[in-house]
Amino acid sequence: SPEVKLAVFGRAGVGKSALVVRFLTRRFIWEYDPTLESTYRHQANIDDEVVTMEILDTAGQEDIQQKEGHMRWGDGFVIVYDITDRGSFEEVAPLRSFLEEVKKPKNVPLVLVGNKSDLDHVRQVGTEEGERLAAEMACAFYECSACANEGGSVAEAFHELCREVRRR
Ligand code: GDP
Ligand code: MG
């Protein structure tokens, strides 16, 4: 069966590990060692095809060489920001530029995820801002909550990224 390598990027604390664990176990864990970098294997049936995913949960505090290595390794990328942390949103565009630079001349499959949508009362980034940025990056956009996961949008984001990788 086809195999796709997916890497999850974003500032430390945005919920990368919580999203990956939610996707893999359908559970939420409150505290996950922020310095840990892990890879997981996961199989899913996507559009009647069994796809094997290798998922790299980056720590979000690697140096530039490590980051570049992760980017070379991956076929597709989840870029995560935290809707309650504007700084994490502002890191998305530069991250994406670096990714394009590393993958040049390939077109990079990615999805943009605004996490922690359960914390709407302390939101710093509007949904429309996320949508606009995703449109600029020509990628799919999901507001998610690793902890509430309403509507299963966490899995939807990963599955859509797999589709995007398979289309290229
Ligand atoms: P990472 O550094 O990007 O891997 O972030 P973590 O997955 O370790 O999460 C950082 C913190 O945010 C932890 O305290 C999590 O419990 C919390 N967190 C992660 N996702 C969510 C979410 O969707 N909603 C809320 N309220 N907290 C979250
Ligand atoms: Mg983490």
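Above this note sits the structure.
In this report, we go over the structure that sits alongside the text. (Residues numbered from 1 in each chain as written. Chains lettered and ligands numbered in written order. Predicted model: local features only at pLDDT ≥ 70, side-chain atom pairs only at ≥ 80, totals over all residues. Heavy atoms only, no water.)

## Section: the overall build of the protein
A tally of helices and strands in the protein yields 6 helices and 6 strands. For the protein, the α and β elements follow one another from N to C terminus as β-α-β-β-α-β-α-α-β-α-β-α. For the protein, the C-alpha atoms occupy an extent of roughly 45 × 35 × 30 Å along the three principal directions. Residue burial in the protein is summarised as follows: out of 168 residues, 49% are buried. In the protein, the share of contacts with a sequence separation of at least 24, taken over all contacts with a separation of at least 6, comes to 73%. Within the structure as shown, the protein displays about 8400 Å² of accessible surface, and the carbon and sulfur contribution to it stands at 46%. If you average the places of the 21 positive and of the 30 negative side-chain charges in the protein, the two averages end up 3 Å apart. (Helix = DSSP H or I, 4+ residues; strand = E, 2+ residues; numbered from the N terminus. Buried < 20%, exposed > 50% of the residue type's maximum accessible area, 1.4 Å probe, protein only. Contact = heavy atoms within 4.5 Å. Areas by Shrake-Rupley, 256 points an atom, 1.4 Å probe, with all protein chains shown as cover. Lys, Arg positive; Asp, Glu negative; His and termini not counted. Charge placed at Lys NZ, Arg CZ, Asp CG, Glu CD.)

## Re the pattern of salt bridges
As enumerated under the stated definition, the model contains 18 salt bridges in all. Across the pair E68 and R72 runs a salt bridge whose closest N-O atoms are separated by 2.7 Å. Residue E68 and its partner R72 are both found in helix α2 (residues 64-73); the two are separated by 4 residues, about one turn of the helix. In this structure E68 comes out as partly exposed when scored by relative accessible area, which is 27%. With its nearest N and O atoms 2.5 Å apart, the salt bridge here joins E164 to R168. (Salt bridge = Lys/Arg side-chain N within 4 Å of Asp/Glu carboxyl O.)

## A few points about the nonpolar core
If you look at the biggest cluster of nonpolar residues, it comprises 26 residues, and the most contacted ones within it are L6, M53, V78, V113 and F158. Going through the elements one at a time, β1 (3-9), α1 (16-25), β2 (38-46), β3 (49-57), β4 (76-82), β5 (110-115) and α6 (153-167) are the ones with two or more residues in this core. In terms of residue count, the dominant contributor to this core is α6 (6 residues). The residues contacting F158, other than those within four sequence positions of it, are L6, V8, L19, V20, F23, I55 and V78. Grouped together as the second largest cluster of nonpolar side chains are 22 residues, F89, V92, L99 and L133 included. (Core = buried A, V, L, I, M, F, W, Y, C linked by side-chain atoms within 4.5 Å.)

## A short note on the pairing of β1
Within β1, 5 of the 7 residues are buried, which leaves it mostly tucked inside the rest of the structure. Bridge analysis of β1 against β4 gives 4 bridges, and the strand direction is parallel. Counterpart to L6 in the pairing with β4 is G76. (Pairing = 2+ DSSP bridges.)

## Digging into the packing of α2 against helix α4 (residues 92-103)
Where α2 meets α4, the axes come as close as 10 Å, and the angle between the chain directions of the two elements is 65 degrees. At the point where α2 passes α4, the crossing takes the right-handed sense. Seen from α2, the contacting residues are I64, K67, E68, M71 and R72; seen from α4, they are L95, F98, L99, V102 and K103. (Axes fitted to C-alpha atoms, helices over the stretch in contact; angles between N-to-C directions. Left-handed = near helix turned anticlockwise from the far one by under 90°.)

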